[in-house]
Amino acid sequence: MTEATLFEQLLEAAQTERERVARGRNHINREELPAELTPFGTLRWYLHPALEEPSTRALYFFELEIPKGSRSGLLEHQGGVIHFVLEGSGYTEYDGGQHQWEAGDVIALPVKEAGIAFRHHNTGLSPVRMLVTWPNFDSANGPEAGVYMRVTENAPEWDAAQAK
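Residues numbered from 1 in each chain as written. Predicted model: local features only at pLDDT ≥ 70, side-chain atom pairs only at ≥ 80, totals over all residues. Heavy atoms only, no water.

A. Region of the structure containing the overall build of the chain. A tally of regular secondary structure across the chain gives three helices and 11 strands. Scanning the chain from its N terminus toward the C terminus, one meets helices and strands in the order α-β-β-β-β-β-β-β-β-β-β-α-β-α. Burial status across the chain gives 35% buried among its 164 residues. Sequence separation of 24 or more characterises 68% of the internal contacts of the chain that already satisfy a separation of 6 or more. Carbon and sulfur atoms make up 56% of the accessible area of the chain, which amounts to about 9800 Å² in all. (Helix = DSSP H or I, 4+ residues; strand = E, 2+ residues; numbered from the N terminus. Buried < 20%, exposed > 50% of the residue type's maximum accessible area, 1.4 Å probe, protein only. Contact = heavy atoms within 4.5 Å. Areas by Shrake-Rupley, 256 points an atom, 1.4 Å probe, with all protein chains shown as cover.)

Structure below.
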């Protein structure tokens, strides 16, 4: 038996993905999603390339929750990430300014050649919940959509959990 050609491997991978999509789920309940404490904050992933169940991998899509009086980690990336504030109020710190928001607002961070560093602050009386998304260009550009991404300062809850 000969080793499959790259073309044959491509066709096989495409068939495997079509089968995964056909089995995939088109409806995902928030209550099913585990909370994941990360250096950026507490996330619940709806769409991610490592998740097998969702029928699409076209987007990265998660909910970010920020406790009352807290903030997210400081995230640095190229920009172009969209946030929709479901609940709460606060501000986003970037470009030396504080940009206020509340439930129902959209935060569209600009794409910048040199990148952008930002963090979200909860100034309200309850937790903030926001949906965060960006296109998944991994198959063409790598896991960071062709840009460098890193948390440069952790969310306080992450640091507290790591100290235990």
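B. Inspection of the environment of Ala 22 at higher detail. Among the structural elements, Ala 22 can be located in helix 1 (residues 6-23). Separated by 61 residues in sequence, Ala 22 and His 83 have C-alpha atoms that sit 29 Å apart.

C. Molecular detail of the pattern of salt bridges. On inspection of all chains with the given rule, the structure shows 14 salt bridges. Between Glu 52 and Arg 57 there is a salt bridge, and its shortest N-O distance comes to 2.9 Å. A salt bridge links Arg 119 to Glu 93; the nearest nitrogen and oxygen atoms lie 3.2 Å apart. Here Glu 93 lies in strand 6 (residues 89-94) and Arg 119 lies in strand 9 (residues 116-122), a separation of 26 residues in the sequence. (Salt bridge = Lys/Arg side-chain N within 4 Å of Asp/Glu carboxyl O.)

D. Broad picture of the sheet that holds strand 6. The sheet built from five strands is open, its strands ordered 7-6-9-4-11 with antiparallel pairing. The strands lining the two open edges of the sheet, one partner per strand, are strand 7 (97-102) and strand 11 (150-153). Neighbour-to-neighbour, the strand axes of this sheet turn through a mean angle of 30°, independent of strand direction. In this sheet, strand 9 lies alongside strand 6 in antiparallel orientation, the contact comprising four bridges. Among the inter-strand pairings, Glu 93 is bridged to a residue of strand 9, identified as Arg 119. (Pairing = 2+ DSSP bridges. Axes fitted to C-alpha atoms, helices over the stretch in contact; angles between N-to-C directions.)

E. Spatial organisation of the sheet that holds strand 10 (residues 128-135). If you trace the six strands from one edge of the open sheet to the other, you get 1-2-3-10-5-8, paired in antiparallel fashion. Each having just a single partner strand, strand 1 (36-38) and strand 8 (106-108) make up the two edges of the open sheet. In this sheet, adjacent strand axes meet at a mean angle of 30° when their direction is disregarded.

F. Focus on the nonpolar core. In this structure, Phe 40, Phe 62, Leu 64, Met 130, Val 132 and Trp 134 are the most contacted members of the largest nonpolar core, which totals 20 residues. Of all the secondary-structure elements, those providing two or more residues to this core are strand 2 (41-47), strand 3 (59-66), strand 9 and strand 10. If sequence neighbours within four positions are ignored, Trp 134 has contacts with Trp 45, Leu 59, Tyr 60, Phe 62, Gly 80 and Val 81. (Core = buried A, V, L, I, M, F, W, Y, C linked by side-chain atoms within 4.5 Å.)

G. Fine view of the side chain of Arg 119. Its relative accessible area of 10% is what places Arg 119 among the buried residues. One polar contact links Arg 119 to Glu 153, side chain to side chain, over a distance of 2.9 Å. Once residues lying within four places of it in the same chain are set aside, the contact partners of Arg 119 are Arg 71, Ser 72, Gly 73, Leu 74, Tyr 91, Thr 92, Glu 93 and Glu 153. (Polar contact = N/O pair within 3.5 Å; in protein donor to acceptor, adjacent residues only side chain to side chain.)

H. Summary view of the pairing of strand 6. As paired elements, strand 6 and strand 7 share six bridges and run antiparallel to each other. The residue bridging Gly 90 from the neighbouring strand is Trp 101, located in strand 7. A loop of two residues connects strand 6 with strand 7, the two strands running antiparallel in sequence, and Asp 95 in this loop sits at a positive phi of about 50°.

Without other data, these values stay purely geometric and don't point to any function.
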